[in-house]
Structure formats: structure tokens, C-alpha cells
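# Overview (structure and organization)
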Amino acid sequence: MKKGLLVILSGPSGVGKGTIRKELMEKYPQLNLHYSISMTTREPRAQEIDGIDYFFVDRPTFEQNIKDGKFLEYQSFVGNYYGTPKEYVSNLLNNGINVLLEIEVNGAKQVMSNFVGDNIVSIFLTASIEEIKKRITSRRTESPIIIEERLNKAKSEFCACKYYDFVVCNNKLDVTTKEIADIIEDKIYSLNNNNK
Ligand code: 5GP
């Protein structure tokens, strides 16, 4: 059976990955994207639901999952762990289902260097630091110290864009989403035609 496509949507925290991901899933059902829900030790924000936004766990549980080799990749990000479930993602891909990972840059680099196969596409979403600051501050979910840490982290992450297949600037929600949908659609098309 033809494998599904692994789509990595990455970029600095606050760049708008989550919004674009939701828009992609909602407006482009024809892409058949299945979102991989990560595990994290971060506290849930108001509105976030366990098992939908993340699997929220404590540190010992996360560390046990590391020991058990359960992650495709995991990272510590501003004091918390985040990880992608390995078996879940590989089962979906093996069953021909396209999978979307929305992850930060170090985890994305790990996946890009370890993944075997051509059924992968990586997209780096970017925006100006002013725009990122505005987004992180306006969601009012983080303390000033964490905001500062996330901004410093974002500044250091811009140069990672060179590792990705595509770099997309997040200017306008519908335009950016379409640009990303087109990239995914083209990749699916070329995989289907190469495998004929
Ligand atoms: P947040 O706390 O804002 O939800 O996420 C912080 C950062 O971690 C974001 O850049 C988000 O995309 C990233 N992230 C979410 N899940 C994962 C994951 O499973 N692995 C990695 N490496 N990063 C993740």
C-alpha cells in the first residue's frame, strides 16, 4: 500500500502554526490530513482539552515514555517537554493516511534527519519578530518571563529555515493557508505520479 505523506509544519512559537493548522484541516479536507496530537508536560491553557490539543502528562510519565522509546522525536522547550508519538504516526503513514506534525524546529530537524522515505515535506512558517511578539502577548496565556523566553527562543530559531523544503511567510491567514495547502497538494500529486 502507498504510504501517507508526513507533513512537518514548523517555525518559531507565536508564528501562527496552530491557527494555520486548524484552518488547513477545516478548509482543505481533500488533503486528508490527520493531525498528530503531541504529548506535553506543559499545563493546559484555558480552552485546551486533553486528548484534543495535547495529551497533558506529568514529567515522570513523559520520561517513562522516553525510556520506552515511544517518541518519533521529543524536545524540551521553555521548561517543558513536547513529543510526537512514534507508533501512532507510523501506523497512520503505513495505512496511507497523511499526517500533519506541528512542532518546533529542533524536533523538526530530528524528524527530517531520521525519516526514511520520500513521503515527507517540511514547511517553515515565519513572520516578523514584531508580529510574533504581538501574537504571543495578545493570547494572554503566558507570564511576562515566559513571553520573554519564547521571544528569545524565536529569535534564535529563524536561521533554521534553511533546513526546510519550503519557507512560507505568515502574512494573511487565508493566503498563507492556501500557499501551504498547494505545497501539500503538489507533493501528494508528485508522489502519486512517481509511484505509478
Ligand atoms: P505551545 O506550548 O505554544 O503549545 O508549544 C510550544 C512549541 O512546541 C510550539 O512551537 C509547538 O509547535 C511545539 N510543539 C508542539 N508539540 C510538539 C512536539 O510534539 N514536538 C516538538 N518538538 N515540538 C512541539
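If you're wondering where the values come from, they're calculated on a predicted model, not measured in any experiment. (Residues numbered from 1 in each chain as written. Predicted model: local features only at pLDDT ≥ 70, side-chain atom pairs only at ≥ 80, totals over all residues. Heavy atoms only, no water.)

Our focus in this paragraph is the packing of helix α5 (residues 129-138) against helix α6 (residues 144-157). Close contact between α5 and α6 brings their axes to 10 Å; oriented N to C, the two are set at 150°. One way to sum up the angle between α5 and α6 is to call them roughly antiparallel. Considering only the axes of α5 and α6, their crossing is right-handed. Between α5 and α6, the contacting residues are I129, I132, K133, I136 and T137 on the first element and I147, R150, L151, A154 and K155 on the second. The class makeup of the residues in the contact of α5 with α6 is 6 nonpolar, 1 polar and 3 charged. (Axes fitted to C-alpha atoms, helices over the stretch in contact; angles between N-to-C directions. Helix = DSSP H or I, 4+ residues; strand = E, 2+ residues; numbered from the N terminus. Parallel < 35°, antiparallel > 145°, perpendicular 65-115°, else oblique. Left-handed = near helix turned anticlockwise from the far one by under 90°. Contact = heavy atoms within 4.5 Å. Nonpolar A, V, L, I, M, F, W, Y, C, P; charged D, E, K, R; others polar.)

Time to look at the environment of K3. Looking at the element boundaries, K3 is found in the segment before β1 (6-10). For K3, a relative accessible area of 44% gives the class partly exposed. Linking K3 and D118, residues 115 residues apart in sequence, is a C-alpha distance of 9.8 Å. Within the structure, K3 has its side chain in polar contact with the side chain of N94 (distance 3.3 Å). (Buried < 20%, exposed > 50% of the residue type's maximum accessible area, 1.4 Å probe, protein only. Polar contact = N/O pair within 3.5 Å; in protein donor to acceptor, adjacent residues only side chain to side chain.)

Ordered in space as β2-β7-β1-β8-β9, the 5 strands form an open sheet in which the pairing is parallel. Strands with a single pairing partner mark the edges of an open sheet, and in this sheet they are β2 (33-35) and β9 (166-169). On average, adjacent strands in this sheet sit at an angle of 25° to one another, irrespective of strand direction. Across 5 bridges, the pairing between β1 and strand β7 (residues 98-103) is parallel. Directly across from L6, in β7, lies its bridge partner V99. Packing against the sheet, helix α4 (residues 105-114) makes contact with β1, β7 and β8 (120-126), and its axis sits at approximately 155° to β1. (Pairing = 2+ DSSP bridges.)

At a minimum axis separation of 10 Å, helix α1 (residues 17-27) and helix α7 (residues 173-194) run at an interaxial angle of 65°. The angle between α1 and α7 places the two elements in the roughly perpendicular class. With respect to the hand of their crossing, α1 and α7 are arranged in right-handed fashion. Side by side, α1 and α7 meet where T19, I20, E23 and L24 of the first sit next to L173, T176, T177, I180, A181 and I184 of the second. Here the residues of the contact of α1 with α7 are counted per class, giving 6 nonpolar, 3 polar and 1 charged.

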